[in-house]
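Here are the chains, one letter per residue:
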Amino acid sequence: MTQPIELDKIRNVVNEVVEGTPIFDIHTHLYAPGFDRLLLWGVDEMLTYHYLLAEFFRTTPMSYDQFWAMDRPAQADAVWKQLFIERSPLSEACRGVLTVLAEFGLDVSTRDLTSFRRHFAQQSLEKHVETVFAHAHIRSLIMTNDPFDDQERPIWEGGWKPDAQFQSALRLDQLLNDWPEAAQKLAGWGYKINGDLGEGDRQAVRCFLRNWIERMQPRYLGVSLPPTFTYPDSSYCGQIIEHCLMPVAHDADLPVALMIGVRRGVNPAMRLAADAVGKADVTAVDHLCRAFPENRFLATMLSRENQHELCVSARKHPNLHVFGCWWFVNVPSIVEEITRERFELLGLTYTPQHSDARVLEQLIYKWSHTRTRIARVLSDKYTDLAHTGWPVTREDIGRDVEGLFGGNFEQFCRLPTM
Ligand code: RAT
Ligand code: ZN
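Read on for a plain summary of the structure. (Residues numbered from 1 in each chain as written. Chains lettered and ligands numbered in written order. Predicted model: local features only at pLDDT ≥ 70, side-chain atom pairs only at ≥ 80, totals over all residues. Heavy atoms only, no water.)

### As for the nonpolar core
Alright, step 1. One finds L175, W179 and L363 to be the most contacted residues of the largest nonpolar core, which totals 142 residues.
Alright, step 2. A total of 10 residues in this core trace back to one element, the largest contributor, which is helix α17 (residues 362–387).
Alright, step 3. Those residues in contact with L175 that sit more than four places away from it in its chain are F148, A182, L186, V205, L209 and I240.
Alright, step 4. Counting residues in hydrophobic clusters, the runner-up holds five residues, among them V329, I334, V335 and I338. (Core = buried A, V, L, I, M, F, W, Y, C linked by side-chain atoms within 4.5 Å. Buried < 20%, exposed > 50% of the residue type's maximum accessible area, 1.4 Å probe, protein only. Helix = DSSP H or I, 4+ residues; strand = E, 2+ residues; numbered from the N terminus. Contact = heavy atoms within 4.5 Å.)

Quick look at the structure:
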């Protein structure tokens, strides 16, 4: 065993280890460069991120239609003016843009968007991807891959294969949340579907899932669900879960990621920024874990109010792996609270964060802001341990943080660990 760390040095060591440990980012909306225009990057994309647009629309007399009619740089100009010039950019999403610019050595005190744009225009994408991964200290990430997406599907059909850096996750929102529409699409792609979700349809859906698992080689099958989600349930969603998703996931030895609590399209004029949150019923997760003990579930919940109950569920079900502070709970104050609560209830058996990045450079701020919070909470926890006389070593901290930053997920998914 290496020497125990002295009490007053614990914080420094934790900071060093947390900074120095590469991350496996298990849920993003980024794409490999091979997906071409689907990979968003640069300052205009960052400024028009939907987290920022929701804040922008609160500040402007401009109509939604007027805004959407403008091209991307004009939209970015409008956001910059309202959220960075007319008022201080202290929201989490605004601060994130500044963290990224500063990380690239740009002088944010100039407030000169034109010069920031110039920096990004000078980058070549392939090299820029490497630079961003290095700055964010990411080793791999998982995309969100939707076979129902008309822009994305042809790229997979053209033979694109995931690699170690850009791994895949098969996202099934439409199949589970909008069966009538999904059924039509499946029929259009040649699956024998009549829409009643009888045994014939179920077989076709299982076949569809197997085909896409084969094609995408995903790390998990994922779905976002409304706060009204319940299980068991006779709805189409409940039937598809029971008769299609569970058996296929089991046979493929893949976990199912449940992302619960999103109220889609509360203000549709805001497009991607239209969604809100609702408190969900965690017993649905309990019932799934119990009904399918041979399946594995990853779960994250959108509502702050659900976090404690979800931890308790995970204590009851070893086949449940809690992950991430998702979307509206990915703000420093709540990340700190949730992370603390999870350490206290689950120890080190979960994955504290994913980035949910949609724009490449966001990896930098999402992870740097998160690292700060995780390090703070971990330091407190190791300090408490040291106070009992337990020897806290750098080796132990390194092992624990590797788990938190991807190792626990890899173990739960039965992937080879790094
Ligand atoms: O975080 C986001 O960008 C949201 O728009 C959603 O995509 C959410 O993360 C999801 O995965 O559904
Ligand atoms: Zn997401």
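### What about the sheet that holds strand β9 (residues 297–301)?
The strands that make up a sheet are held in pairs by hydrogen bonds between backbone atoms, and each pair lies either parallel or antiparallel.
Alright, step 1. Spatial ordering of the open sheet is given by β4-β5-β6-β9-β10, a layout of five strands whose pairing is parallel. The strands lining the two open edges of the sheet, one partner per strand, are β4 (170–171) and β10 (320–322).
Alright, step 2. Where strand β5 (residues 221–225) and strand β6 (residues 256–260) come together, five bridges link them in parallel fashion. The residue of β6 that forms the bridge with G222 is A257.
Alright, step 3. Packing of helix α15 (residues 307–316) onto the sheet brings it into contact with β9 and β10, and relative to β10 it is tilted by some 145°. (Pairing = 2+ DSSP bridges. Axes fitted to C-alpha atoms, helices over the stretch in contact; angles between N-to-C directions.)

### Some thoughts on the coordination of the zinc ion (ligand 2)
Alright, step 1. Donor atoms from the polypeptide that bind the zinc ion (ligand 2) are H27 (NE2), H29 (NE2) and D356 (OD), placed at 2.0 to 2.1 Å.
Alright, step 2. Donor residues binding the zinc ion (ligand 2) come from one chain and are separated in sequence as H-x1-H-x326-D. Taken together, the residues span a long stretch of sequence, with H29 in the loop between β1 (23–25) and α2 (43–47) and D356 in the loop between α16 (332–346) and α17 at a distance of 327 residues. Accessibility classification places H29 together with D356 in one group, the buried group. (Donors = N, O, S within 2.8 Å, 3.2 Å for Na, K, Ca; no water.)

### Considerations on the packing of aromatic side chains
Alright, step 1. This model, assessed by the stated rule, comprises 27 aromatic pairs.
Alright, step 2. Pairing W80 with F84 gives two aromatic rings, centres 4.6 Å apart and planes at 15°, and the pair type is stacked. Within this pair, W80 and its partner F84 are both found in helix α5 (residues 72–85), separated by four residues, close to a single helical turn. Take W80 and F84: they sit in the same class, and that class is buried.
Alright, step 3. Ring geometry for F343 against Y350: centres 5.5 Å apart, planes inclined by 70°, an arrangement best described as edge-to-face. The two residues F343 and Y350 agree in class, both being buried.
Alright, step 4. Taken together, the ring pairs in this structure connect F56, F57, Y64, F67 and W68 into an aromatic cluster.
Alright, step 5. Here the basic side chain of R215 rests over the ring of W212, its NZ or CZ set 4.5 Å away from the ring centre. (Phe/Tyr/Trp six-rings, centres within 6.5 Å; stacked < 30°, edge-to-face > 60°. Lys NZ or Arg CZ within 6 Å of the ring centre and 35° of its normal.)

### A look at the pattern of salt bridges
Alright, step 1. Applying the stated rule across the entire model yields 26 salt bridges.
Alright, step 2. Between R394 and E16 there is a salt bridge, and its shortest N-O distance comes to 2.5 Å. Of this pair, R394 sits in helix α18 (residues 394–412) while E16 sits in helix α1 (residues 10–20); the two residues are 378 residues apart in sequence, bridging distant segments of the chain.
Alright, step 3. A relative accessible area of 40% means that R394 is categorised as partly exposed.
Alright, step 4. Among the residues examined, E16 registers a relative accessible area of 45% and is labelled partly exposed.
Alright, step 5. Among the ionic pairs, E92 bridges to R95, the shortest N-O distance being 3.2 Å. Here the residue E92 and the residue R95 both occupy positions in helix α6 (residues 92–103), the gap between them amounting to three residues, near one helical turn.
Alright, step 6. The class of R95 is partly exposed, set by a relative accessible area of 34%.
Alright, step 7. Counted as one network, the salt bridges with shared partners bring together R11, E336, R340, R373, R376 and D380. (Salt bridge = Lys/Arg side-chain N within 4 Å of Asp/Glu carboxyl O.)

### Let's talk about the site of ligand 1
Alright, step 1. Taken together, H27, H29, H50, Y51, R171, M259, R264, W326, W327, D356 and R358 make up the full set of residues adjacent to ligand 1.
Alright, step 2. At 3.1 Å, a side-chain N or O of H27 approaches an oxygen atom of ligand 1.
Alright, step 3. Contact between ligand 1 and R171: an oxygen atom at 2.7 Å from a side-chain N or O atom of the residue.
Alright, step 4. Its free accessible area being 300 Å², ligand 1 has 98% of it covered by the protein chains.
Alright, step 5. Broken down by class, the residue content of the shell around ligand 1 amounts to four nonpolar, three polar and four charged. (Near = heavy atom within 4 Å. Polar contact = N/O pair within 3.5 Å; in protein donor to acceptor, adjacent residues only side chain to side chain. Areas by Shrake-Rupley, 256 points an atom, 1.4 Å probe, with all protein chains shown as cover. Nonpolar A, V, L, I, M, F, W, Y, C, P; charged D, E, K, R; others polar.)

### Overview of unusual backbone geometry
Alright, step 1. Residue P232 is bonded to the preceding Y231 through a cis peptide linkage, with omega at 0°.
Alright, step 2. Position of P232 relative to the elements: it lies in the loop between β5 and α13 (236–252).
Alright, step 3. Look at W327: it is not a glycine, yet its phi comes out positive at around 60°.
Alright, step 4. Given the relative accessible area of 10%, W327 is considered buried.
Alright, step 5. Phi angles above zero are rare outside glycine, and D356 is one such case at about 65°.

### As for the packing of α1 against α17
Alright, step 1. Following both chains from N to C, one finds α1 and α17 inclined at 140°, their axes separated by 9 Å at the closest point. Here α17 runs oblique to α1, going by the angle between their axes. For the element pair α1 and α17, the recorded crossing hand is right-handed. Taking contact as the criterion, the partners of I10, R11, V14, N15, V18 and E19 in α1 are, on α17, R371, A375, R376, L378, S379, D380, Y382, T383 and A386. (Parallel < 35°, antiparallel > 145°, perpendicular 65-115°, else oblique. Left-handed = near helix turned anticlockwise from the far one by under 90°.)

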